[in-house]
Amino acid sequence: MSTTLPLLLTSATLSAAGYVAVDWAIPRASATFLAAGRRGADLNKPSRPILPESMGLLPALAYALVLVLQLPVLFAPASSSYPNAVPEPTSLPLASLPHALTSYLAALLSVIAMTFLGFADDVLDVRWRHKIALPAFAALPMLVVYAVQGASTDVVVPRFLRGSLLTRLIGLVGDARLAHLGAAYYVYMAAVAVFCTNAINIVAGINGVEAAQTVVIALTLLGNSAAQLLTSSNPTTRATHLLATLLVLPWLAVTLALLRHNRYPARVFVGDTFTYASGMVFAVTGITGHFSKTLLLFFIPQIVNFALSVPQLAGWVPCPRHRLPSVADPSVPDAEVLLVASRVTVAAADLGSMGWATLAMVSALGLADVVHDPHVPISQLNMGATASDAFKKAPLPLSTLPPSPQSPSGDNNKKRSRRSKKTTPADVPSTESTVTTTVAAVSFTNLTLINAVLVRCARWGTLAVNEGRLCAMVAVVQVAGSVLGLLVRYGGTGLVD
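The structure presented is a predicted model; accordingly, all values stated were derived computationally and were not measured. (Residues numbered from 1 in each chain as written. Predicted model: local features only at pLDDT ≥ 70, side-chain atom pairs only at ≥ 80, totals over all residues. Heavy atoms only, no water.)

## What about the sheet that holds strand 5 (residues 326-327)?
If you walk across this open sheet you meet the three strands as 5-6-10, and the pairing is antiparallel. Because the sheet does not close on itself, it has two edges, and the strands there are strand 5 and strand 10 (465-466). Sheet topology places strand 5 next to strand 6 (residues 338-340); two bridges connect them, and they run antiparallel. For Val327, the partnering residue across the bridge sits in strand 6 and is Leu339. (Pairing = 2+ DSSP bridges. Helix = DSSP H or I, 4+ residues; strand = E, 2+ residues; numbered from the N terminus.)

## Quick look at helix 9 (residues 184-202)
Each turn of an α-helix holds 3.6 residues, which means side chains three or four residues apart point in the same direction. For helix 9, which comprises 19 residues, the first-to-last C-alpha distance of 27 Å matches the rise-based estimate of 27 Å (1.5 Å per residue) to within 8%. All of the buried residues in helix 9 are Tyr185, Met189, Ala190, Val192, Ala193, Val194, Cys196, Thr197, Asn198, Ala199, Ile200 and Asn201. (Expected span 1.5 Å × (residues − 1). Buried < 20%, exposed > 50% of the residue type's maximum accessible area, 1.4 Å probe, protein only.)

## Structural notes on the packing of helix 11 (residues 235-262) against helix 12 (residues 271-288)
Between helix 11 and helix 12, the least distance of the axes is 8 Å, while the angle of their chain directions is 165 degrees. Taken together, the axes of helix 11 and helix 12 lie roughly antiparallel to each other. Regarding helix 11 and helix 12, the two cross each other, and that crossing is left-handed. In this structure, helix 11 uses Thr240, Leu243, Ala244, Leu247, Val248, Trp251, Thr255 and Leu258 to contact helix 12, whose residues at the interface are Phe274, Ala277, Ser278, Val281, Phe282, Val284, Thr285 and Thr288. For the contact of helix 11 with helix 12, a count of residues per class yields 11 nonpolar, five polar and no charged. (Axes fitted to C-alpha atoms, helices over the stretch in contact; angles between N-to-C directions. Parallel < 35°, antiparallel > 145°, perpendicular 65-115°, else oblique. Left-handed = near helix turned anticlockwise from the far one by under 90°. Contact = heavy atoms within 4.5 Å. Nonpolar A, V, L, I, M, F, W, Y, C, P; charged D, E, K, R; others polar.)

## Description of unusual backbone geometry
In the segment running from Tyr264 into Pro265, the intervening peptide bond is cis, with an omega of -10 degrees. Among the structural elements, Pro265 can be located in the loop between helix 11 and helix 12. A positive phi angle, close to 55 degrees, is found at Asp125, a residue other than glycine. One can find Asp125 in the loop between helix 4 (100-124) and helix 5 (128-131). One non-glycine residue, His290, lies in the positive phi region at around 60 degrees. The exposure class of His290 is partly exposed, given its relative accessible area of 37%.

This is the structure we're talking about:
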């Protein structure tokens, strides 16, 4: 511990400097980002204020600089009689970790690559089917170094699986605690990189939520590594978790600075640049620290959000372009805005068996609010084939459309208004004849973690929630997920080393 403490103090000092630099740079760089066209409207405010986007680039650059500045202290050349000797860590904890410098530089390279790809996504608006695999390419340096080092591809088997049929199928005998995955482990780690980056990216839509969940996960990782440093007697385990700490601590500092400007009411947007870089920091930390399986336990809320999102992403139920919460009353000032869960209204005939099963399950679990109505005007449908046909056959001017309970419908309304411009007044049917045409419909809240929190609040008597308070609630859910992950990690495997 006597040799570990100076390294941690050095990292903490440089991290604090990174915090100050990011906090100073963000307000001064905002005008430059706006002038360059990196801007976006805050859809959860009636006035739709325009804010600078992609500001996650600044903390990512500061993070890379801090990691570079740590190099001379962490990896000073060892004394050697050979003038061209390869530098090795001089500190006792890192000296027990072979190729520590190579792992450190590979992690830095992966984060920089992911930052570049995230900023490119912000600028070019890459489609989902193209960008979902980008993190796997960015993680290649880390994976290649891991393979060259000949690092372990074993995973700890949870107690409840030891001796089960599943463990026998993968070749384990008896109550073996370790499973050797071989090449499959690298596929798994690439999948971890893809999941971590996209998981933080899709839990979004309200001020501060991306940075807040990042702060909680970073603190959890630091706590996990601190437990290993304090309790483990294995030099390699201590070294890997020290290296993980030195990777996470600077990211926590620069994220806290970003959160000051992104929390409600936000003055900047973080962009995909930040969410992708953040996910990659966590992925390389788990790989470098040799606890990539444990890492997923700290993403339980993101896993729940992904599971909730699958039915809409897979097309089992309609999915709008944006699924962020809705403004309860657009007529109030921005400071008094309350949010409710956004909704999709679709004709019952447009739902298949998978759609009905999905809605029944999420409603039973209390994660979505599902309402059946046998008489809904076609003009109030905002998703589905019936709605599309109705707009094609009887396009309505934007002014005649009833207000949608869903914030993202602004995008749909823009599409409808463009269609109405192509139609002459003689082609537009009267509002009365359209509204009297009704169909059996289903209205349900969008299937996301944030909307699920709002649904639970409504069932507990709070029908609408302030945006800042909603972000705090999501952060509490993240904390609960981290606590659960720690309990599973240390109670489920029986191993602390």
